[in-house]
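Architecture at a glance
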Amino acid sequence: MIKFQNMAYTNAIRWRIRLLYLLLTAMLVYMVVVVELGGGDSRIMTNLARHFSNLSFFGGMAYVISRIVHNKKLLKNRLLLKEQMLTEQDDRNQYLHDKSGGIVLDILLACILFITLTASMFHMGMFYISFAILVLAIALKAAAYYYYSHI
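Starting from 1, residues in each chain are numbered consecutively following that chain's sequence as written. Whole-chain, interface and lining totals are the exception, using all residues; otherwise, since this is a predicted model, local features are given only for residues with pLDDT of at least 70 and side-chain atom pairs are given and counted only at 80 or more. Hydrogen atoms and water are omitted, and side-chain values are computed over all heavy atoms in the structure.

As for the overall build of the protein chain
- Numbering of helices and strands starts at the N terminus; helices are DSSP runs of H or I of at least 4 residues and strands are runs of E of at least 2. Along the backbone of the protein chain there are six helices and zero strands.
- With respect to the three principal axes, the spread of C-alpha positions in the protein chain is 50 × 35 × 25 Å.
- By the convention used here, residues are in contact when the closest approach between their heavy atoms is within 4.5 Å. Long-range contacts, defined as pairs at least 24 residues apart, comprise 76% of the intrachain contacts of the protein chain with a sequence gap of at least 6.
- Per-residue accessibility takes into account occlusion by the displayed protein chains alone, with areas from the Shrake-Rupley method and a 1.4 Å probe. Per element, the accessible surface of the protein chain, about 10400 Å² overall, is 69% carbon and sulfur.

Notes on the pattern of salt bridges
- We count a salt bridge whenever a side-chain nitrogen from Lys or Arg sits within 4 Å of a carboxyl oxygen from Asp or Glu. On inspection of all chains with the given rule, the structure shows two salt bridges.
- Residue Asp106 is joined to Lys141 by a salt bridge in which the shortest nitrogen-to-oxygen separation is 3.2 Å. On the criterion of sequence distance, the pair formed by Asp106 in helix 5 (residues 102–122) and Lys141 in helix 6 (residues 124–149) is long-range, its members being 35 residues apart.

Describing the layout of surface pockets
- What the largest pocket holds in volume is close to 2000 Å³.
- Using only the protein atoms, space was sampled on a 1 Å grid; points where a 1.4 Å probe fits but cannot get out form cavities, open sets with protein on both sides within 12 Å along at least five of seven lines form pockets, and lining residues are those with an atom within 4 Å of a point. As for the largest pocket, its lining consists of 38 residues, of which Arg16, Leu20, Ile103, Asp106 and Ile107 are closest to the centre.
- Within the lining of the largest pocket, the residues separate by chemical class into 23 nonpolar, 10 polar and five charged.
- Grid points are joined across faces, edges and corners, and a volume is the space filled by probe spheres set on the points. Put simply, the second largest pocket is a space of about 200 Å³.
- Mapped onto the lining of the second largest pocket, the elements with two or more residues apiece are helix 1 (9–36) and helix 2 (47–76).
- The biggest single contributor to the lining of the second largest pocket is helix 2, with five residues. Note that Gly is not counted as nonpolar here; it falls among the polar residues with everything else outside the nonpolar set of Ala, Val, Leu, Ile, Met, Phe, Trp, Tyr, Cys and Pro and the charged set of Asp, Glu, Lys and Arg.

Comments concerning the environment of Ile133
- Considering the arrangement of structural elements, one finds Ile133 in helix 6.
- Placed 21 residues apart in sequence, Ile133 and Ile112 show a C-alpha to C-alpha distance of 7.8 Å.

Let's talk about the packing of aromatic side chains
- Pairing of aromatic side chains here covers Phe, Tyr and the six-membered ring of Trp, requires ring centres within 6.5 Å, and sorts the geometry by plane angle: under 30 degrees stacked, over 60 edge-to-face, intermediate tilted. Enumeration over the complete set of coordinates arrives at nine aromatic pairs.
- Geometrically, the ring pair formed by Phe57 and Phe58 is edge-to-face, given 5.2 Å between the ring centres and 85° between the ring planes.
- Between Tyr147 and Tyr148, the ring centres sit 5.0 Å apart and the planes meet at 75°, which makes this aromatic pair edge-to-face.
- Relative accessibility under 20% of the residue-type maximum defines a buried residue, over 50% an exposed one, and the middle range a partly exposed one, all with a 1.4 Å probe and only protein chains included. Among the residues examined, Tyr147 registers a relative accessible area of 52% and is labelled exposed.
- Residue classification places Tyr148 among the partly exposed residues on the basis of a relative accessible area of 23%.
- Taken together, Tyr30, Phe57, Phe58 and Phe114 form an aromatic cluster joined through their ring pairs.
- Throughout this description, the term charge over a ring refers to an Arg CZ or Lys NZ atom that lies within 6 Å of the ring centre and within 35 degrees of the ring normal. Here Arg18 stacks its cationic end above the ring of Trp15, 5.0 Å away from the centre of that ring.

Structure (structure tokens):
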């Protein structure tokens, strides 16, 4: 396992860019697989499911591309790189992230988002259940973050 704390910050940014490219590739493969399996049929999808799937998938792609561009810009500008490093290593930001669920909840949210996206294209009952769980998890994380930021 790669430990980002032990390497130079520029190397960590380079690894982020590589992982974001990998994620972008996985998203494109996912899109092809879903279409091949017959998912995304507008005859069985409700409006909420259709809007959610479009927004989460294409919005996610736009977000990943914007993070790649941002990280590449950081590598070109040392001042921005240092500012970003100080922001990420700020004790208060790390405290708020850890108290609001940390990396474990972030990974869980990503998994629930993936499950909800897949369910939106195949089964409406499962979509509504996973959508409710996703909204609840986001609300709990936001409430914990708000609470600990005002202490």
